[in-house]
Amino acid sequence: WSDTCSVRRPFLLTPPPTSCFFSRPESYMSRTEKILVTFAFHSMWADLLGLLIFLPILPNHLNELGVNATLWTGLIFTLQFFAVPCGHLTWGWLCDRICPSRVLTIICAGNLISYGLSAVPLPSDVSLNIIILCRIANGFCNPRVPVYVFLYKFVAPEKIPSAVAIIGFSVSIALALG
């Protein structure tokens, strides 16, 4: 990975080099490509599943805090989804400078921390602030852009449609389970 990660190409401007390890004419995915696509699949799936588990719990938790659950749920998720494009821009820029697999690792750690802090029972005066900050952090740590950059850089061009279909399948599974 170190050789591939050190290659700096402008995002979506140039095709992968033909001498790249993954650029083979075979129609099957190699073992390494399957591992990389699986890593991308699980990154996207874990983020969506976490969101879909947290979504129905939040109004009940806000009612326990004694605030208007409808208003605060809408405000919290609006702030979370407002942070998503900011995260996309940041992570896309960072993917061009460091390896996308490292960016995905950072994002997975950010999601783990934000979901973990959301589950910690805190006093009611700080709990709402922590929930808001965790939801913004989770929106910022959305793995969608790095997953696609990851696939573009590490999977052979003729195999990208099937890899994107696998990622789309992960979204469907997470939505169905949620």
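As a reminder, the structure under discussion sits directly above these lines.
Residues numbered from 1 in each chain as written. Predicted model: local features only at pLDDT ≥ 70, side-chain atom pairs only at ≥ 80, totals over all residues. Heavy atoms only, no water.

1. Some thoughts on the overall build of the protein chain
Which entries qualify depends on this criterion: Only DSSP runs of H or I with at least four residues qualify as helices, and only runs of E with at least two residues qualify as strands; both kinds are numbered from the N terminus onward. Summary of the burial criterion: residues with accessible area below 20% of their type's maximum are buried, those above 50% are exposed, and those between are partly exposed, where the area comes from a 1.4 Å probe applied to protein chains only. Whether two residues touch is decided by their heavy atoms; if any such pair falls within 4.5 Å, the residues are in contact. Accessible areas in this description were obtained via Shrake-Rupley with a 1.4 Å probe; residue shielding takes into account the shown protein chains only.
When its secondary structure is counted, the protein chain shows 7 helices and 0 strands. If you list the helices and strands of the protein chain from N to C, you get α-α-α-α-α-α-α. With 178 residues in all, the protein chain has 43% of them scored as buried. Within the protein chain, contacts between residues separated by at least 24 positions form 77% of all contacts whose residues are at least 6 apart in sequence. Of the accessible surface of the protein chain, which amounts to about 9500 Å², a share of 72% is contributed by carbon and sulfur atoms.

2. Re the packing of helix 3 (residues 69-97) against helix 4 (residues 100-119)
Threshold: For helices, the axis comes from a line fit to the C-alpha atoms of the stretch in contact; other axes are also lines fit to C-alpha atoms, and the angle between any two N-to-C directions lies between 0 and 180 degrees. Any angle that is under 35 degrees is reported as roughly parallel, and any over 145 degrees as roughly antiparallel; angles of 65 to 115 degrees are reported as roughly perpendicular and all others as oblique. In this classification, the charged set is Asp, Glu, Lys and Arg, the nonpolar set is Ala, Val, Leu, Ile, Met, Phe, Trp, Tyr, Cys and Pro, and all remaining amino acids, among them Gly, are polar.
The contact between helix 3 and helix 4 brings their axes to 8 Å, and the two run at 140°. As far as their axial angle goes, helix 4 and helix 3 are oblique. Across the interface between the two elements, W91, L94 and C95 from helix 3 touch P100, V103, I106 and I107 from helix 4. The residue inventory of the contact of helix 3 with helix 4, partitioned by class, reads 7 nonpolar, no polar and no charged.

3. Some words on the nonpolar core
The condition is simple: Definition used in this section: a nonpolar core is a set of buried Ala, Val, Leu, Ile, Met, Phe, Trp, Tyr and Cys residues joined via side-chain atoms within 4.5 Å.
A40, V147, F150, L151 and I167 are the most contacted members of the largest nonpolar core, which has 17 residues in total. The biggest single contributor to this core is helix 2 (residues 31-65), with 6 residues. Setting aside residues no more than four positions away along its own chain, V147 makes contact with A40, S43, M44, L104 and I167. Among the nonpolar cores identified, the runner-up in size contains 12 residues, and L58, L62, I76 and L128 belong to it.

4. Quick notes on the packing of aromatic side chains
Basically, it comes down to this: Pairing of aromatic rings covers Phe, Tyr and Trp, the last counted by its six-membered ring, and requires centre-to-centre distances within 6.5 Å; plane angles under 30 degrees mean stacked, over 60 mean edge-to-face, and any other angle means tilted.
Per the stated rule, a full pass over the model turns up 2 aromatic pairs. With a centroid separation of 6.2 Å and an interplanar angle of 25°, the aromatic rings of F77 and F81 are classed as stacked. Highlighted residues: F77 and F81, both in helix 3, separated by 4 residues, approximately one helical turn. Given the relative accessible area of 8%, F77 is considered buried. For F81, a relative accessible area of 46% gives the class partly exposed.

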